[in-house]
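The primary structure of each chain is shown beneath.
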Amino acid sequence: MTSTPPETLEQPTGRRRLARNGPLTLRLGLLVLVAIGILGAASELAFERHWQSPVQLIPWVALALLAVALVLLALRDSGGALTTARVLAVVVLLASVYGVFTHVSVNHGSGGFDPAWDTLSPLTQWWYALTKSVGNAPPLAPGMLAQSALLLLLAGLTPKR
């Protein structure tokens, strides 16, 4: 006659349940953070009326791609869906890098309106453009897209089940 060890008869404690469901909890948490990032970036773009030119539509397209990737990753864990979500996340990362570059360049161009601009070293000029000490374009705003894309890539590394 075989006896069952007592630990298998007990209900799982919180620690055991968390250890067993940890990857799923981590995945869901990352996906929720991606959704919050998408909503936050969309809100910021809407508040800034970021649709005045075709170039300003790029982050809207990136958000749509990120949303598609989020839905794919949330609903499916197959190889094709995972690969598609990863490719879309990388496209969003590239769009984010382009956005940061564009914002810094626009800020740098705004520096020319300051009479003392030409007396500054090029490194100082680019630093001022990056830190928004000159110009109105927020260089870190496109970084929200990159952060959400990276979170999505991390969520894709965790198992769905």
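Residues numbered from 1 in each chain as written. Predicted model: local features only at pLDDT ≥ 70, side-chain atom pairs only at ≥ 80, totals over all residues. Heavy atoms only, no water.

Caption draft 1: Looking closely at the overall build of the protein chain. Helix and strand counts for the protein chain stand at 6 helices and 0 strands. Along the chain direction, N to C, the helices and strands of the protein chain fall in the order α-α-α-α-α-α. The burial tally for the protein chain puts 30% of its 161 residues in the buried class. Of all intrachain contacts in the protein chain linking residues separated by at least 6 positions in sequence, the fraction that spans at least 24 positions is 69%. (Helix = DSSP H or I, 4+ residues; strand = E, 2+ residues; numbered from the N terminus. Buried < 20%, exposed > 50% of the residue type's maximum accessible area, 1.4 Å probe, protein only. Contact = heavy atoms within 4.5 Å.)

Caption draft 2: Region of the structure containing the packing of aromatic side chains. Enumeration according to the criterion identifies 1 aromatic pair in this entry. Measuring from centroid to centroid gives 6.3 Å for Trp51 and Trp60, while their planes differ by 45°, and the two rings are tilted. Note on Trp51: relative accessible area 43%, which makes it partly exposed. (Phe/Tyr/Trp six-rings, centres within 6.5 Å; stacked < 30°, edge-to-face > 60°.)

Caption draft 3: Quick peek at a nonpolar patch on the surface. A surface patch of nonpolar side chains, amounting to about 370 Å² of accessible area, comprises Val55, Ile58, Tyr98 and Phe101. Mapped onto the elements of the fold, Phe101 is located in helix H4 (residues 79–110). (Patch = residues over 30% accessible without salt bridge, like charges linked within 9 Å, V, L, I, M, F, W, Y side chains within 5 Å. Areas by Shrake-Rupley, 256 points an atom, 1.4 Å probe, with all protein chains shown as cover. Salt bridge = Lys/Arg side-chain N within 4 Å of Asp/Glu carboxyl O.)

Caption draft 4: Quick look at the environment of Pro122. On the secondary structure map, Pro122 appears in helix H5 (residues 122–130). For Pro122 and His108, which are 14 residues apart along the polypeptide, the C-alpha to C-alpha distance reads 9.9 Å.

Caption draft 5: Local environment of the nonpolar core. Of all hydrophobic cores here, the largest spans 25 residues; its most connected members are Val34, Leu66, Leu73 and Leu152. Among the elements of the structure, helix H2 (14–47), helix H3 (58–75), H4 and helix H6 (143–155) are those that each provide at least two residues to this core. In terms of residue count, H4 provides more of this core than any other element does, 7 residues in total. (Core = buried A, V, L, I, M, F, W, Y, C linked by side-chain atoms within 4.5 Å.)

Caption draft 6: Expanded view of unusual backbone geometry. Phi at Arg49 is positive, roughly 50°, even though this residue is not glycine. If you trace the backbone, Arg49 turns up in the loop between H2 and H3. Of note, Lys132 is a non-glycine position whose phi angle comes to about 60°, a positive value. Position of Lys132 relative to the elements: it lies in the loop between H5 and H6. We classify Lys132 as partly exposed; its relative accessible area is 40%.

Caption draft 7: Looking closely at the environment of Gln52. Within the element layout of this structure, Gln52 appears in the loop between H2 and H3. Using a relative accessible area of 58% as the deciding quantity, one classes Gln52 as exposed. Reaching out from Gln52, the side chain makes a polar contact with the backbone oxygen of Arg49 at a distance of 3.1 Å. (Polar contact = N/O pair within 3.5 Å; in protein donor to acceptor, adjacent residues only side chain to side chain.)

Caption draft 8: The arrangement of the packing of H4 against H6 in detail. Between H4 and H6, whose axes approach to 8 Å, the crossing angle comes to 160°. Between H4 and H6, the interaxial angle falls into the category roughly antiparallel. Along this stretch, H4 crosses H6, giving a crossing that reads as left-handed. Only Gly143, Leu145, Ala146, Ala149, Leu150, Leu152 and Leu153 of H6 make contact with H4, whose side of the interface consists of Ala85, Arg86, Ala89, Val92, Leu93, Ser96 and Val100. Split into classes, the residues belonging to the contact of H4 with H6 amount to 11 nonpolar, 2 polar and 1 charged. (Axes fitted to C-alpha atoms, helices over the stretch in contact; angles between N-to-C directions. Parallel < 35°, antiparallel > 145°, perpendicular 65-115°, else oblique. Left-handed = near helix turned anticlockwise from the far one by under 90°. Nonpolar A, V, L, I, M, F, W, Y, C, P; charged D, E, K, R; others polar.)

Honestly, it's all geometry; don't read function into it.
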